[in-house]
Structures are given as C-alpha cells and as structure tokens.
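# Residue-level structure breakdown
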Amino acid sequence: MKPFTYQRAADPVSAAKAAAEHPGARFIAGGTNLLDLMKVQVETPTHLIDVNHLGLDRIETTDQGGLRIGALVRNTDLAADKRVRRDYAVLSRALVAGASGQLRNKATTAGNLLQRTRCPYFYDTTKPCNKRKPGSGCAALGGINRGLAVLGTSDQCIATNPSDMAVAMRLLDAVVETVSPDGATRAIPIADFHKLPGQTPHIETVLQPGELITGVALPAPLGGMHIYHKVRDRASYAFALVSVAAVVGPQGQRFAFGGIAHKPWRVEAAETLSGAEAIAASVTLGAKTTEQNAFKLPLLRRALGAVLAEAKA
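Reading guide: rules and limits
Residues numbered from 1 in each chain as written. Predicted model: local features only at pLDDT ≥ 70, side-chain atom pairs only at ≥ 80, totals over all residues. Heavy atoms only, no water. Pairing = 2+ DSSP bridges. Helix = DSSP H or I, 4+ residues; strand = E, 2+ residues; numbered from the N terminus. Axes fitted to C-alpha atoms, helices over the stretch in contact; angles between N-to-C directions. Contact = heavy atoms within 4.5 Å. Salt bridge = Lys/Arg side-chain N within 4 Å of Asp/Glu carboxyl O. Buried < 20%, exposed > 50% of the residue type's maximum accessible area, 1.4 Å probe, protein only. Core = buried A, V, L, I, M, F, W, Y, C linked by side-chain atoms within 4.5 Å. Patch = residues over 30% accessible without salt bridge, like charges linked within 9 Å, V, L, I, M, F, W, Y side chains within 5 Å. Areas by Shrake-Rupley, 256 points an atom, 1.4 Å probe, with all protein chains shown as cover. Arc of directions from axis to C-beta. Phe/Tyr/Trp six-rings, centres within 6.5 Å; stacked < 30°, edge-to-face > 60°.

## Details of the sheet that holds strand β9 (residues 225–231)
- With antiparallel pairing, the three strands of this open sheet are ordered in space as β9-β10-β11. Two strands close off the open sheet at either side, each with one partner strand: β9 and β11 (252–258). Neighbour-to-neighbour, the strand axes of this sheet turn through a mean angle of 10 degrees, independent of strand direction.
- Alignment of strand β10 (residues 242–249) against β11, held across seven bridges, turns out to be antiparallel. Considered in β11, the bridge of A246 is made with F255.
- Contacts from helix α5 (residues 89–97) reach β9 and β10, with the element oriented near 20 degrees to β9.
- Contacts between helix α12 (residues 296–312) and the sheet are confined to β9, β10 and β11, with β9 contributing the most and set at about 150 degrees to the helix.

## What about the pattern of salt bridges?
- In total, this model carries 19 salt bridges according to the counting rule given.
- When the shortest N-O distance is used, the salt bridge between E43 and R26 registers 3.0 Å. Here R26 lies in strand β2 (residues 25–28) and E43 lies in the loop between α2 (34–39) and β3 (47–50), a separation of 17 residues in the sequence.
- Across the salt bridge formed by R86 and D87, the nearest N and O atoms sit 3.0 Å from each other.

## Thoughts on unusual backbone geometry
- Phi angles above zero are rare outside glycine, and A99 is one such case at about 55 degrees.
- Here A99 is to be found in the loop between α5 and α6 (101–106).
- With a relative accessible area of 34%, A99 lands in the partly exposed category.
- Of note, the phi angle at Y237 is positive, near 50 degrees, even though the residue is not glycine.
- You can see Y237 is positioned in the loop between β9 and β10.

## Some details on the nonpolar core
- One finds L78, L91 and M169 to be the most contacted residues of the largest nonpolar core, which totals 48 residues.
- Tallying contributions element by element places helix α9 (residues 165–171) first for this core, with six residues.
- Apart from the residues within four sequence positions on either side, L91 is in contact with I69, L78, V84, M165, A168, M169, L172 and L218.
- One finds V150, A270, V283 and V307 within the second-largest nonpolar core, a separate group that totals 24 residues.

## Remarks on the sheet that holds β2
- With parallel pairing, the three strands of this open sheet are ordered in space as β1-β3-β2. Strand pairing shows two members of the sheet lacking a second neighbour, β1 (5–8) and β2, which therefore form its edges. Pairs of neighbouring strands in the sheet enclose a mean axial angle of 25 degrees, with direction left out of account.
- As defined by bridge partners, β1 adjoins β3 across four bridges and the pair is classed as parallel. Within β3, the residue paired with Y6 across the bridge is L48.
- Where helix α1 (residues 12–21) meets the sheet, its contacts fall on β1, β2 and β3, and the angle it forms with β2 comes to roughly 150 degrees.

## Digging into a nonpolar patch on the surface
- Taken together, M1, F4 and Y6 make up a surface patch of nonpolar side chains, about 390 Å² in accessible area.
- Residue placement: M1 occurs in the segment before β1.

## A closer look at α5
- Buried residues dominate α5, accounting for seven of its nine residues.
- Regarding α5, the residues found buried are A89, V90, L91, S92, A94, L95 and A97.
- After α5 finishes, the residue A99 shows a positive phi value of roughly 55 degrees.

## Focus on α1
- Taken together, the buried positions of α1 are A15, A16, A18 and A19. Looking down the long axis of α1, one finds its buried residues gathered within 160 degrees of arc, a one-sided arrangement.
- Against β1, β2, β3, β6 (175–179) and β8 (212–218) lie the buried residues of α1.

## Details of the packing of aromatic side chains
- What the rule picks out here adds up to one aromatic pair.
- A ring pair is formed by F122 and Y123, whose centres lie 5.7 Å apart and whose planes are at 85 degrees; its orientation type is edge-to-face.
- The class for F122 is buried, based on a relative accessible area of 0%.
- According to the relative accessible area criterion, Y123 is partly exposed, its value standing at 24%.

Below, the structure is given as structure tokens:
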C-alpha cells in the first residue's frame, strides 16, 4: 500500500490548482482505470483529487446545434441519452460496445478519454515499459504483441489506445474543453488531443500539468447511417482487435478506427475513395506489423467491408 492524501475539490479551477500544487497528484472520478493501476502499483499517486462534485455531469445543447457533454457524465447515461441515440448513434453504439454495464455505470466521459493502454507489459511491473518507466525499454516489441498497434508506432512503444468512445468522438470531430490552474480555458480538437508515442510514449495527451477536462463538445449532427463495428476475441468485456466507426450517407462517408494505433485513427483522404480495398489501403499506409499482429491489416479491410455492406443494406 502506497500512502496518499485525498481532497474533494470545490470547483474546476481549485481542482486544477490542487493538481498543479501536488506533484504526482491525480484526479479521480469513477476510478475504473486508476484504481486498478494503483492496485498493481503502476500508478502511485501521492494525492487524489475527487472531482465528482463539480457539477460537470450534464448534457446540454450548444448554440451551434450540437451537444456539450460534461466531463463527469457517466458512460451509461451518455449512451442512453435520447439526443445521443437519435443524432450521434455511432457514439452510443461505441459506448455500449465498451467494458461491462457495471463499469459503464461508473466510468466518466473524461476518464474514458484518459484511460491508459491495456498492453500487458504496461501492467507487468517486472518487465520494461517505456510508457510506465521512460527509458527502460519496450518488452512488447519482442514479446506477445498480437493485440498491439500497427500504425503510428515507434521503436519505443507499440501500445494501443483502448477506448471505444474516443474512436466515435474522433469520427464526429469532437472538441475537448479544459481549464488550467490559472483559470484559462482551452478547446482542443480531439484529433490533436492524443499523442503518438514517438520518443516519449509516457506523454499520452497534450494536457499540461494540472489541466482538467471539463467537457466535450460535439458539432451539429451528421446525417446518414451510423455504425460501430468491433472485432474482439470474445463477445463482451474485451478490447478491440480492430474497430470501425462510420457515418455513411448522402453527404459522404467518414471512418475512424480503433485497436490499431496509439490514438483513434482517421485518415480523411481515404474517405474520398470507394470500396473497402482502396480505403483500407489508404488508411493503413505506412503500417508496421509483427509476425503476431499482421493479421490486423486484412481484418481491418474485412471489417470495413462489413460496415460498407451494412450501410448499403
């Protein structure tokens, strides 16, 4: 047991200030990922800041015709919201495809965006992991890497982003809203929010020290058919080997992919192409596979083909 201190924040700015003032602090809401990591001492925060009482648990219509989703909206409530089910069905379907019902009842919108990789070597403190301990090496490169990334990787890390929700958010061009310890706010396009590993895989987002997510804004709804197709090793409570979020309609087509990279993957240029073969080839350009995970490339193509066939049905 690693000792830590605890406080309940009164408002978003004071929460951000507290995080900046306590090196090693972490925000805690649902705790569905953080507590697991604390149990195996991958995360050893010195100070926990409870943000559950900040009033960030509402879904509101924006002046631009979209939705603003509070950082503390639970995944179950977001998936069940009638506006989300009607206008952003791909998001609702992605949420339902993730985790279990019990976890979705606790997990929050911000926490989902910030959840950490499920690479087995990240969780195994007896093995080197540059994400867990920078400069120690990457055991996954020569180890069991069947479920790991084939795009956007580096010689430092081949971990995947585990979120289903973030894939749908990327498809929808969501914007992540934050507040800093000095009270300044930012609006970060989700395309820029998660970082690729490069030489610093332990830096997973563009958030600055103490910066707190307050919400996520969705633009006006996209017409067309919304689809979320997830391929995994078992029917429930499993992370994606490959997932495809899609909106296909008269206005065109959009695709975002999960299970294949360190962040939700979208290649807008590929959306102008026709047919699963051509789109998949464009999306996976520059892929680096291992003997174990090379199957993800044809799997992505087949999953995309299934999505396109469903859209035409």
